[in-house]
Structure formats: C-alpha cells, structure tokens
Amino acid sequence: MSARNTLKAKWLWYSVFCLACWAPFTFCAKLGLREMSASGMQFLFTLGGVPVALAVLAARRFKFERNRKGTAYGLAVGVLSAIGTLALFAAYRTGGNTAVITTATSLYPMVTVVLAVGLLRERLTLIQIVGLVFASVAFVLFSL
Amino acid sequence: MHLPPWYLYAAIVLIAWGVVGIFQKLATNHISAGSTLVLLIVGFLLFEPLVYPGSVLFHYSARALAYGLIGGFLNNLGAWALFAAMESGGKASIVAPFTALYPLVVVLLAPLILHESVTLPQAIGVGCSLVAVVLLSM
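Residues numbered from 1 in each chain as written. Chains lettered and ligands numbered in written order. Predicted model: local features only at pLDDT ≥ 70, side-chain atom pairs only at ≥ 80, totals over all residues.

Colleague: For this particular structure, what's the right way to read the overall build of chain A?
Modeller: The number of helices and strands found in chain A is seven helices and zero strands. Each helix (α) and strand (β) of chain A, taken in turn from the N terminus, gives the series α-α-α-α-α-α-α. Since a compact globule built from 144 residues should have a radius of gyration of about 15 Å, the 19 Å found for chain A marks it as more spread out than a globular shape. Counting only C-alpha atoms and orienting by the principal axes, one finds that chain A spans roughly 50 × 45 × 40 Å. For chain A, the proportion of its 144 residues judged to be buried stands at 53%. (Helix = DSSP H or I, 4+ residues; strand = E, 2+ residues; numbered from the N terminus. Rg over C-alpha atoms; globule rule 2.2 N^0.38 Å. Buried ≥ 20, exposed ≤ 12 C-beta atoms within 10 Å, placed from the backbone.)

Colleague: What is the right way to look at the overall build of chain B in this model?
Modeller: If you tally the helices and strands in chain B, you get seven helices and zero strands. Across chain B, helices and strands are ordered from the amino to the carboxyl terminus as α-α-α-α-α-α-α. Look at the contacts in chain B between residues 6 or more apart in sequence, and 64% of them connect residues 24 or more apart. (Contact = placed C-beta atoms within 7 Å.)

Colleague: Hey, could you run me through the interface of chain B and chain A in this one?
Modeller: When the parts of a complex come together, some accessible area is lost, and that lost area is often used as the size of the interface. With 101 residues of chain B at the contact, the number on the chain A side is 99 residues. Elements with a minimum of two residues in the side of chain B that touches chain A: helix 1 (6–28), helix 2 (33–46), helix 3 (48–51), helix 4 (62–87), helix 5 (92–99), helix 6 (102–113) and helix 7 (120–136) of chain B. Here the side of chain B that touches chain A is composed, by residue class, of 75 nonpolar, 24 polar and two charged. (Nonpolar A, V, L, I, M, F, W, Y, C, P; charged D, E, K, R; others polar.)

Colleague: What is the right way to look at helix 4 (residues 68–93) of chain A in this model?
Modeller: Working note: α-helix, 3.6 residues per turn, so residues spaced by three or four point in the same direction. With 26 residues, helix 4 of chain A ought to run about 38 Å at 1.5 Å a step, and its terminal C-alpha atoms sit 37 Å apart, in line with that. Phi for Gly95 of chain A, located one or two positions after helix 4 of chain A, is positive at around 90°. (Expected span 1.5 Å × (residues − 1).)

Colleague: I tried to follow the domain arrangement of chain A on my own but got confused; where do I start?
Modeller: Split into domains, chain A comes out as domain 1 (3–97) and domain 2 (107–144). Centre-to-centre separation of domain 1 of chain A and domain 2 of chain A, based on C-alpha positions: 23 Å. (Domains from an automatic or database assignment.)

Colleague: Could you clarify how one ought to interpret the environment of Leu86 of chain A in this entry?
Modeller: Residue and element names in this part refer to chain A. Take Leu86: it is sitting in helix 4. According to the C-beta neighbour criterion, Leu86 is buried, with 23 such atoms within 10 Å. It is 29 Å that separates the C-alpha atoms of Leu86 and Arg66, two residues lying 20 residues apart in sequence.

Colleague: Would you explain unusual backbone geometry in this entry?
Modeller: What you tend to see is this: most non-glycine residues have negative phi, and most peptide bonds are trans. Despite not being glycine, Arg61 of chain A shows a phi value in the positive range, around 50°. Assignment of secondary structure puts Arg61 of chain A in the loop between helix 3 (38–59) and helix 4. The phi dihedral of His115 of chain B falls on the positive side, at around 55°, and the residue is not glycine. With respect to the helices and strands, the residue His115 of chain B is situated in the loop between helix 6 and helix 7.

Colleague: Is there a simple way to explain helix 3 of chain A in this structure?
Modeller: Here helix 3 of chain A contains 22 residues, and its C-alpha end-to-end distance of 32 Å stays within 8% of the 32 Å for a straight helix at 1.5 Å per residue. Downstream of helix 3 of chain A by one or two residues, Arg61 of chain A has phi in the positive range, about 50°.

Colleague: Would you take a moment to explain the confidence of the model for chain A for this structure?
Modeller: Should pLDDT be low for a region, the predicted coordinates there are not to be read in detail. Counting all residues, the mean pLDDT for chain A is 91, and 99% of those residues have values of 70 or more. The lowest-confidence element of chain A is helix 1 (residues 3–8) of chain A, averaging 74 in pLDDT; the highest-confidence one is helix 4 of chain A, averaging 96. (pLDDT = per-residue confidence, 0-100.)

Colleague: I would appreciate a short explanation of the environment of Glu87 of chain B in the present structure.
Modeller: All names here are of chain B. Along the polypeptide, Glu87 turns up in helix 4. Note on Glu87: 14 C-beta atoms within 10 Å, which makes it partly exposed. In this structure, the C-alpha to C-alpha distance between Glu87 and Pro49, residues 38 residues apart in sequence, is 34 Å.

Colleague: What am I meant to see in the nonpolar core here?
Modeller: Among the nonpolar cores identified, the biggest contains 100 residues, and Ala91 of chain A together with Val13 and Ala132 of chain B are the most heavily contacted of them. No other element matches helix 4 of chain B, which puts 14 residues into this core. Looking at this core, you find at least three residues from each of domain 1 (3–97) and domain 2 (107–144) of chain A. (Core = buried A, V, L, I, M, F, W, Y, C linked by C-beta atoms within 7 Å.)

Colleague: Please clarify how the confidence of the model for chain B should be interpreted in this entry.
Modeller: All names here are of chain B. Mean pLDDT over chain B stands at 90; residues scoring 70 or higher make up 99%. When the elements of chain B are averaged for pLDDT, helix 5 gives the smallest value, 81, and helix 3 the largest, 96. Interface predicted TM-score (ipTM) for the complex: 0.92; the corresponding pTM is 0.92.

Colleague: What am I meant to see in the environment of Leu108 of chain B here?
Modeller: All names here are of chain B. With respect to the helices and strands, the residue Leu108 is situated in helix 6. For Leu108, a count of 11 C-beta atoms within 10 Å gives the class exposed. Residues Leu108 and Gly89, spaced 19 residues apart in sequence, show a C-alpha to C-alpha distance of 30 Å.

Written as structure tokens, this is what we have:
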C-alpha cells in the first residue's frame, strides 16, 4: 500500500484517534489521583466509560449476540481489565514516575505472548523472543 | 534489592491485562468486537459497589471528578477506536503495535504536564520497553 493510500485508510485514523485518547487518559488519571484514592478514581473511571458502551449499543440498535461462551469470555475481559486498571491507579498513587509506570505496565503483551504459548499452543516467533529480552532488561533497569 | 513501591502493583497490572489478551482472543471468536467492548464495561460496573469511595466522593473537587470521568470516557473511546481500526481493515500486526505506542506520547509530554523527570537507567528502561512492546504486539 502506498503512503498516500495509507493516509486515506480509515484504520490509520482510528489508530491515531486511539493514541489521542489513551495518552490524555494517563494524564487525567495521574492528575485526578493527586486528590483521589485509587478506588475513587476507578469508580469515576467506570462511570465515564458508560456513555461509550451506550453509544456502541445504540449504533447496533441494542442488538446483542446471545452466545454463552462469548459472553463469559467477554465478562472475564471486563473483570480482569478492571482489576488491572485498579492496580494501575494504585501504582500511580504511590507517586512513582508516571512515564516509567506507564511504559512498564504497557508491557502486558509479554504475559499474553507467554500464556498463548502455554494455553493456546501458539509458537513464539523470533521477534517476540527479542521483545521478551528487551522487556526483561527494562524491568531490571526499573528496579535499580 | 529494594524494589520501588509501584513494582508490585505493576506486576498485578501485567498479569491481569496479560490474561485479558487471551480472553479477548477467545471472546472475539464467538462474539463481535462491539459486544466485547460492552461486556468490558459491564465487567467494570460489577466492581462499582466494591470501589465506591463513600461520602468522600462528594468532597472531591470538581476538577478531580472531571479528571476521573473524562479519563474513563477517553480510555473506553480509545478501546472503541482500536476495535474500529481492526474492523475497518487494519491488520492487527500493524494496529496493535502502533496503538501500543501511547506510552511514548506520555513519556514526551510528562515533563511538560507533570513536571517529572527520569533518571538515566529509567530512561534506558523506557526505551527498552517501547521497543519490547512494539516487538511483542507484532
């Protein structure tokens, strides 16, 4: 795909929009946590997400697939994400460096990659192995 | 070795969000990305009674309340945009590492907005993390 075509692609702009949402989220969380507890932030954070869920449902005319397995896995996604987010807020609340905590916690694909090998029988690619080495070096440096 | 106080919390984030990656794959084998996003927020709502901070909520400043609500809105809007990017033909092998670069924006803006500085080992660690996150999500 040429650069010009890529610039016209919808997915690129959705991806840029995603970045433009997640970076300010971090600053909102950190600034809010100067006053609030991690649980207070989590409470408000969740309420802030409700309009997005309603908009997605409205766009789908409130149709929802009835699939037990899919629903159970989807709920697991929500519950685990919530636990992770609460821990992230607690980490910010310790007063540690925001850039360091944000980059360290963004390394979660390393756990997914390792689990995918064990649970989904996927194979590690050479690129992923190099990625795991970089992640390990980062964690050692953060502990210094 | 003395670990920084945020280290344990970061480990919980890594494990919880790392396992999410597996369930996300399994969920979208059965239901659409849109339904998964709705269930994601339902999962958060299940915790609301547990994290309700009590009457102190009404004593937070308007600014702090706004940061919390806007933060939640932006994070979930970003998740929706990620799903939309994948559904509109973006290859997961490109979209995932690209969006995983959001910490880079935070690293660049944190000194300006939060007036925080990093030590040299931390800066090298941040660099290694950014390389790792791109490689791991490819």
